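One letter stands for each residue in the lines below.
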Amino acid sequence: IDPPWYLTREMIAALNIAVVAHGTTQDRNMDDRDPYEVARQMGIFSTIPSKHALTVDAIVGRIHANHDRIATKVEKKMVAEQQYYKERYRL
């Protein structure tokens, strides 16, 4: 699913959305527009205190930081798997 970044009145009405909520931890916005502007205007927006500072940027950062370690691990597993099949089926 690739939802739109900005909510519209049409989307809210079509999906019968009663509440739009977002945590206090925020991801970077692609521009200066408020993606929740329409929900705020309609009085259905609510902010929920975030218990953790986890953002999309933080997740991507973790993936990048662990890329080499994970790639090495996968490569070792592939070699072991190839060796297993070679020995098991005498290939």
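Residues numbered from 1 in each chain as written. Predicted model: local features only at pLDDT ≥ 70, side-chain atom pairs only at ≥ 80, totals over all residues. Heavy atoms only, no water.

Peer 1: Teacher, can you tell me more about the pairing of strand S1 (residues 20–23) here?
Peer 2: Side-chain direction in a regular strand flips from residue to residue, so the side chains alternate between the two faces of the sheet. Burial along S1 is one-sided: the face carrying Val-20 and His-22 is buried and the face carrying Ala-21 and Gly-23 is not. Of the strand pairs in this sheet, S1 and strand S2 (residues 45–48) are connected by four bridges, and their pairing is parallel. Within S2, the residue paired with His-22 across the bridge is Thr-47. On the question of chirality, the crossover connecting S1 to the parallel S2 by way of helix H2 (residues 37–42) is right-handed. (Buried < 20%, exposed > 50% of the residue type's maximum accessible area, 1.4 Å probe, protein only. Helix = DSSP H or I, 4+ residues; strand = E, 2+ residues; numbered from the N terminus. Pairing = 2+ DSSP bridges. Right-handed = clockwise from strand over helix to strand, strands pointing away.)

Peer 1: Even after reading the chapter, I still don't get the side chain of His-22, so can you show me in this structure?
Peer 2: Relative to the helices and strands, His-22 resides in strand S1. The exposure class of His-22 is buried, given its relative accessible area of 17%. A polar contact of 3.3 Å, which involves the side chain of His-22, links it to the side chain of Tyr-36. For His-22, the contacting residues outside a window of four places in its chain are Tyr-36, Phe-45, Ser-46, Thr-47 and Ile-48. (Polar contact = N/O pair within 3.5 Å; in protein donor to acceptor, adjacent residues only side chain to side chain. Contact = heavy atoms within 4.5 Å.)

Peer 1: Before we go on, may I ask you to explain the pattern of salt bridges in this structure?
Peer 2: Between side chains of opposite charge, a pair can form when the charged atoms approach closely. Evaluation of the coordinates by the stated rule reveals one salt bridge. Here Asp-34 and Arg-40 are joined by a salt bridge, their closest N and O atoms 2.6 Å apart. (Salt bridge = Lys/Arg side-chain N within 4 Å of Asp/Glu carboxyl O.)

None of this, on its own, says anything about what the molecule does.
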